[in-house]
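Listed below, chain by chain, are the residues.
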Amino acid sequence: MVDTTAPAREVAYTYTPAELNRLISRELSGRLHELGMTFMSNAAFLLANDTIPAAAKRDRTRVYLDVAAQLRLLALAELDGIVGGAR
């Protein structure tokens, strides 16, 4: 059982600048990838929506998919920067 009245122990983590950069880059890459997937989901939802005119769907979907692709490329570039191109 955990003693909730005892003072909390502080744990200190020390990272080298390279380790810290890797942690930040992985987190950033993951967030960019998630955002790209959100744009892809938005594009799929838009295409499935029959109330929006086809001309508007086409242009908006193209933009969503383009932004998703660019975000995925940024995510990959961020990972390549920390592992030197070998994933």
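Please read these numbers as outputs of a predicted model, since none were measured by experiment. (Residues numbered from 1 in each chain as written. Predicted model: local features only at pLDDT ≥ 70, side-chain atom pairs only at ≥ 80, totals over all residues. Heavy atoms only, no water.)

Thoughts on the pattern of salt bridges
Counted under the stated rule, the structure contains two salt bridges. Linking R31 and E27 is a salt bridge whose minimum nitrogen-to-oxygen distance equals 2.8 Å. Taken together, the positions of R31 and E27, both in helix α1 (residues 17–48) and four residues apart, correspond to about one turn of that helix. On the accessibility criterion, R31 (52% relative accessible area) is exposed. Using a relative accessible area of 43% as the deciding quantity, one classes E27 as partly exposed. Across the pair D59 and R62 runs a salt bridge, and its minimum N-O distance is 3.0 Å. Residue D59 and its partner R62 are both found in helix α2 (residues 54–83); the two are separated by three residues, about one turn of the helix. With a relative accessible area of 39%, D59 lands in the partly exposed category. On the basis of relative accessible area, R62 is assigned to the exposed category, the value being 51%. (Salt bridge = Lys/Arg side-chain N within 4 Å of Asp/Glu carboxyl O. Helix = DSSP H or I, 4+ residues; strand = E, 2+ residues; numbered from the N terminus. Buried < 20%, exposed > 50% of the residue type's maximum accessible area, 1.4 Å probe, protein only.)

Comments concerning α2
In this model α2 runs 43 Å from its N-terminal to its C-terminal C-alpha over 30 residues, within 8% of the 44 Å that 1.5 Å per residue would give. Looking only at α2, the buried set comprises K57, T61, A68, L71, A75 and I82. Buried-residue contacts for α2 involve α1. (Expected span 1.5 Å × (residues − 1). Contact = heavy atoms within 4.5 Å.)

Topic: the side chain of T61
Tracing the backbone shows T61 in helix α2. Overall, the relative accessible area of 7% leaves T61 in the buried class. At 2.6 Å, the side chain of T61 forms a polar contact with the backbone oxygen of K57. Aside from chain neighbours lying at most four places away, what touches T61 is A43, L46 and L47. (Polar contact = N/O pair within 3.5 Å; in protein donor to acceptor, adjacent residues only side chain to side chain.)

Examining a nonpolar patch on the surface
Among the surface-exposed residues, V11, Y13, Y15, L20, L23 and I24 lie close enough to one another that they form a single nonpolar patch of about 630 Å² accessible area. With a relative accessible area of 53%, V11 lands in the exposed category. (Patch = residues over 30% accessible without salt bridge, like charges linked within 9 Å, V, L, I, M, F, W, Y side chains within 5 Å. Areas by Shrake-Rupley, 256 points an atom, 1.4 Å probe, with all protein chains shown as cover.)

Focus: the environment of E19
With respect to the secondary-structure elements, E19 resides in helix α1. In sequence terms E19 and I82 are 63 residues apart; their C-alpha atoms lie 9.5 Å from each other. One polar contact links the side chain of E19 to the main-chain amide nitrogen of T16, over a distance of 2.9 Å.

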